[in-house]
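# Survey of secondary and tertiary structure
Here are the chains, one letter per residue:
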Amino acid sequence: MHELGVVFKVIEIAEQVADENQVKEISSVTLSVGEVSGIIHDYLYDCWKWAIRKSRYLQQAQLFIETIPAVTYCEACDQTYSTIEHGKICPHCGSDHTYLKQGNEFEIKQIEVFDTGEE
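Now for a look at the structure at hand. Everything numeric here is computed off the predicted structure, so don't read it as measured data. For every chain, the first residue of the written sequence is number 1, and numbering continues from 1 along that sequence. Only residues with pLDDT of at least 70 are given local features in this predicted model, and only at 80 or more are side-chain atom pairs given and counted; all residues enter the totals for whole chains, interfaces and linings. With hydrogens and water stripped out, all remaining heavy atoms of the structure feed into the side-chain values.

Once that is clear, we can look at the environment of Leu-44. By definition, any uninterrupted DSSP run of H or I lasting at least four residues is a helix, any uninterrupted run of E lasting at least two residues is a strand, and each is numbered from the N terminus. By secondary structure assignment, the location of Leu-44 is in helix H2 (residues 41–51). Take Leu-44: its relative accessible area is 1%, and that puts it in the buried class. Note on contacts: a residue pair qualifies if any of its non-hydrogen atoms lie within 4.5 Å across the two residues. Setting aside chain neighbours within four positions, we find Leu-44 in contact with Glu-3, Val-6, Val-7, Leu-31, Ile-39, Leu-63, Ile-65 and Phe-106. Burial here depends on accessible area, computed with a 1.4 Å probe over protein chains only, as a share of the maximum for the residue type. Under 20% is buried, over 50% is exposed, and the range in between is partly exposed.

A separate point is the sheet that holds strand E2 (residues 62–68). When DSSP locates at least two bridges between a pair of strands, those strands are taken to pair. Pairing is mixed in the open sheet, where three strands are placed in the order E2-E1-E6. The sheet is open, and its two edges are formed by E2 and strand E6 (106–113), each paired on a single side. For this sheet, the mean angle separating the axes of adjacent strands, direction not counted, is 20°. The pairing of strand E1 (residues 26–34) with E6 spans seven bridges and is antiparallel. Paired with Leu-31 across the bridge in E6 is Ile-108. Most of the contacts of helix H1 (residues 3–20) go to E6, to which it runs at about 45°, and overall it touches E1 and E6. Against the sheet, H2 touches E1, E2 and E6, its axis set at about 160° to E2. Note on method: axes are straight lines fitted to C-alpha atoms, helices fitted across the in-contact stretch only, with angles between N-to-C directions ranging 0 to 180 degrees.

Below, the discussion takes up unusual backbone geometry. Residues other than glycine seldom take positive phi values, yet Gln-22 does so here, at roughly 50°. For Gln-22, the location among the structural elements is in the loop between H1 and E1. Relative accessible area serves as the criterion here: at 67%, Gln-22 is assigned to the exposed category. Even without being glycine, Asp-78 reaches a positive phi, approximately 60°. By secondary structure assignment, the location of Asp-78 is in the loop between strand E3 (71–74) and strand E4 (79–82).

Here the focus is the side chain of Ser-32. Of note, Ser-32 is situated in strand E1. In this structure Ser-32 comes out as buried when scored by relative accessible area, which is 7%. Setting aside chain neighbours within four positions, we find Ser-32 in contact with Glu-66, Ile-68, Glu-105, Phe-106, Glu-107 and Lys-109.

Before going further, it helps to spend a moment on the nonpolar core. Residues belong to a common nonpolar core when they are buried Ala, Val, Leu, Ile, Met, Phe, Trp, Tyr or Cys residues joined through side-chain atoms within 4.5 Å. Ile-26, Leu-44, Trp-48 and Leu-58 are the most contacted members of the largest nonpolar core, which has 22 residues in total. Of all the secondary-structure elements, those providing two or more residues to this core are H1, E1, H2 and E2.

In this scheme Phe, Tyr and Trp rings, the latter by its six-membered ring, pair at centre separations within 6.5 Å, and the angle between planes marks the pair as stacked below 30 degrees, edge-to-face above 60, and tilted otherwise. For the structure shown, the criterion picks out two aromatic pairs. Centroid distance Tyr-73 to Tyr-99: 5.3 Å. Interplanar angle 55°. Geometry classified as tilted. Taken together, the residues span a long stretch of sequence, with Tyr-73 in strand E3 and Tyr-99 in strand E5 (residues 98–102) at a distance of 26 residues. Residue classification places Tyr-73 among the buried positions, given a relative accessible area of 17%.

Burial in H2 covers these residues: Leu-44, Cys-47, Trp-48 and Ala-51. Along the long axis of H2, the arc covered by the buried residues comes to 105°, so they all point the same way. H2 presents Asp-42 and Lys-49 as exposed residues on the side facing more than 90 degrees away from its buried surface. Residues of H2 that are buried in the fold lie against H1, E1, E2 and E6. This arc is taken over the directions from the axis of the helix to the C-beta atoms.

Distances and angles like these do not, on their own, reveal function.
Structural data, given as structure tokens:
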């Protein structure tokens, strides 16, 4: 289960951002996760719930996950298509001269902090 390692890295980065910006508490983290990244969302949520209890900044933080659709590009016919639905073979021309254009990414999209009301 590599989701736990991913969560630890996300927490490490979020804590570093909090330190650099003198933030007391993070309210949420939004991740963009590719459809074919191999990350299982349910495992990620479970690991998150367990791991944030050990963080000084993230104990109440919610995790949001946005899915990046997997899109494949066909070099033979210059078309794109849904990777999940069709795999490596282009549904437009039948070629296997294709490559994944997007959908394998994993990135922190947003770190949101609680508004302290202080100026």
